[in-house]
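One letter stands for each residue in the lines below.
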Amino acid sequence: MRILGNVRMASIAAGSGQAPLSDPVAIVVDGPQIAWVGGAESLPDRFAGAPRRDLGGRVVTPGLIDCHTHIVFGGDRAREFAMRLEGASYEDIARAGGGILSSVRDTRAAGEDRLLASALPRVDALLAEGVTTLEIKSGYGLEIGTELKMLRVARRIGEVRKVTVRTTWLAAHALPPEYAHDRAAYLRDVVIAGMDRAHVEGLIDAVDGFCEGIAFSPDEIAQVFDHAASLGLPVKLHAEQLSDRGGAALAARRGAISADHLEYLGDDGIAAMAQSGTVAVLLPGAFYTLRETKLPPVAALRAAGVPMALATDCNPGTSPLTSILLAMNMGATLFRMTPLECLAGVTAHAARALGLSDRGRVEPGLRADLAIWDIGDPAELSYRIGFNPLHARIVGGEFV
């Protein structure tokens, strides 16, 4: 047990506006949990003898959560970046055998150790900015063996670094060339059969899919979701990134914990998400990299009371972003989210997007995942560009 003294808390209870700072408080950490929060003068006698660490009036927030990444992959796609600058669209690159399929070839060829070694520098960049929980998807194997390999590497990241890793089965990411003429067989033999194997091995925390014209239809995604439900696995969906296919509404009807991207989300999808409580995960890194012009409907989501999370979408092709702070800045500057919405988007709402109720807020009984900042105003976390004010990261009650 220890006391973290003389810290100020940023309130993220409200949905918009500014994040007010508390007067200096003390936080009692008991093992991996927060035991008590309040003014030092009100500290209960039972904690009086615990060791104390004075944090000098710094600001504390929940540990940051990156709730959507593809951070385990082989190779890179820098050439495609140049192609897009020359005018090629995302669809053009994908239909020419690039895009996701380029990463599939490199990921299939890489062993677990190589994938781990290439992923760790990207992970470390996020941890250095206060990330304490990280979601990692499969989806660059498109065959059972490689999909399982990616998830094993994701689990290893959680073993060799102080970070909670949540894994997501994303075999329904693209159609590999060997199944180009038999979509039903791919869904049956790889997506669903592989989900069974990964579930037996304890490698899946959630199931995802890509609902888009260049990927899978709502009817195909519904099959994936039906099987996930039979295994008791939560679902989420890449939806409405390039067009409105009704994916978000489908996800909401199936009780999805999140629908992600959402640039082309329509009113029916917003209403369905508001009714179901599905979190909107906004990904400004992909919007920026693809030079998208269609903004996600942030004002309409806000008005409907849909919780909005932010994430890096770290991946080799459309969002080579390894800065959660830059994602917050992009959320504010590109999507017109308030600094408080950006902070809630990488804490409380990001936790909800992963189905985690034990973190994302600084409250007694929750996990002691915290970030301590050298800032005077929480808005600085969204305001600054290329500057990291992190003083310390606390994971499960331990300073890292």
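For the structure itself, look to the data block above.
Residues numbered from 1 in each chain as written. Predicted model: local features only at pLDDT ≥ 70, side-chain atom pairs only at ≥ 80, totals over all residues. Heavy atoms only, no water.

This brings us to the nonpolar core. If you look at the biggest cluster of nonpolar residues, it comprises 100 residues, and the most contacted ones within it are Ile 157, Trp 169 and Leu 282. Of the domains in this structure, domain 1 (2-62 + 360-399) and domain 2 (64-353) are the two that each give at least three residues to this core. When neighbours within four sequence positions are excluded, Ile 157 is seen to be in contact with Val 72, Leu 116, Ala 119, Leu 120, Val 123, Ile 136, Val 163 and Val 165. (Core = buried A, V, L, I, M, F, W, Y, C linked by side-chain atoms within 4.5 Å. Buried < 20%, exposed > 50% of the residue type's maximum accessible area, 1.4 Å probe, protein only. Domains from an automatic or database assignment. Contact = heavy atoms within 4.5 Å.)

Before going further, it helps to examine the pattern of salt bridges. Counting across every chain of the model gives 25 salt bridges. The shortest N-O distance in the salt bridge between Arg 152 and Glu 112 comes to 3.8 Å. In this pair, Arg 152 sits in helix α5 (residues 144-160) while Glu 112 sits in helix α4 (residues 112-127), placing the two residues 40 residues apart along the sequence. A residue is classified by how much of its surface remains accessible, and Arg 152, at 27% relative accessible area, is partly exposed. Residue class for Glu 112 comes out partly exposed when judged on its relative accessible area of 25%. A salt bridge links Asp 208 to Lys 137, with the shortest nitrogen-to-oxygen separation between them at 2.8 Å. Taken together, the residues span a long stretch of sequence, with Asp 208 in strand β9 (residues 206-211) and Lys 137 in strand β7 (residues 131-137) at a distance of 71 residues. A single burial state applies to Asp 208 and to Lys 137, both of which are buried. Because the salt bridges share partners, they merge into one network encompassing Glu 112, Asp 113, Arg 152, Arg 156 and Glu 201. (Salt bridge = Lys/Arg side-chain N within 4 Å of Asp/Glu carboxyl O. Helix = DSSP H or I, 4+ residues; strand = E, 2+ residues; numbered from the N terminus.)

The next thing to look at is the packing of aromatic side chains. Applying the stated criterion across every chain yields a total of four aromatic pairs. On the basis of an interplanar angle of 80° and a centroid distance of 5.2 Å, the ring pair of Phe 287 and Phe 335 is categorised as edge-to-face. You can see Phe 287 sitting in helix α10 (residues 284-289) and its partner Phe 335 sitting in the loop between α12 (324-333) and α13 (339-345), a full 48 residues away along the chain. Note on Phe 287: relative accessible area 8%, which makes it buried. By the ring-pair criterion, three or more aromatic residues cluster together here, those being Tyr 179, Tyr 186 and Phe 216. One Lys or Arg, Arg 53, reaches over the ring of Phe 399 and ends 3.8 Å from the middle of that ring. Seen from the ring of Phe 73, Arg 122 lies directly overhead, with NZ or CZ sitting 3.7 Å from the centre. (Phe/Tyr/Trp six-rings, centres within 6.5 Å; stacked < 30°, edge-to-face > 60°. Lys NZ or Arg CZ within 6 Å of the ring centre and 35° of its normal.)

The pairing of strands in a sheet happens through backbone hydrogen bonds and is either parallel or antiparallel. With respect to topology, eight strands assemble into an open sheet ordered β6-β7-β8-β9-β10-β11-β12-β13, the strand pairing being parallel. Strand pairing shows two members of the sheet lacking a second neighbour, β6 (64-66) and β13 (308-310), which therefore form its edges. The sheet shows a mean angle of 25° between the axes of neighbouring strands, direction not considered. Bridging between strand β12 (residues 279-282) and β13 involves three bridges; their strand directions are parallel. Considered in β13, the bridge of Val 281 is made with Ala 309. Running at roughly 175° to β9, helix α7 (residues 218-230) makes contact with β8 (164-172), β9 and β10 (236-239) of the sheet. (Pairing = 2+ DSSP bridges. Axes fitted to C-alpha atoms, helices over the stretch in contact; angles between N-to-C directions.)

Time to look at the packing of helix α6 (residues 183-200) against α7. Closest axis-to-axis distance for the α6/α7 pair is 11 Å, and the angle between their directions is 25°. It follows that α6 is roughly parallel to α7 by the angle criterion. The two elements α6 and α7 cross, and the hand of that crossing is right-handed. Contact with α6, carried on its side by Arg 183, Leu 187, Val 191, Ile 192, Met 195 and Asp 196, involves Glu 220, Gln 223, Val 224, His 227 and Ala 228 of α7 and no other residues of that element. Across the contact of α6 with α7, the residue classes break down as six nonpolar, two polar and three charged. (Parallel < 35°, antiparallel > 145°, perpendicular 65-115°, else oblique. Left-handed = near helix turned anticlockwise from the far one by under 90°. Nonpolar A, V, L, I, M, F, W, Y, C, P; charged D, E, K, R; others polar.)

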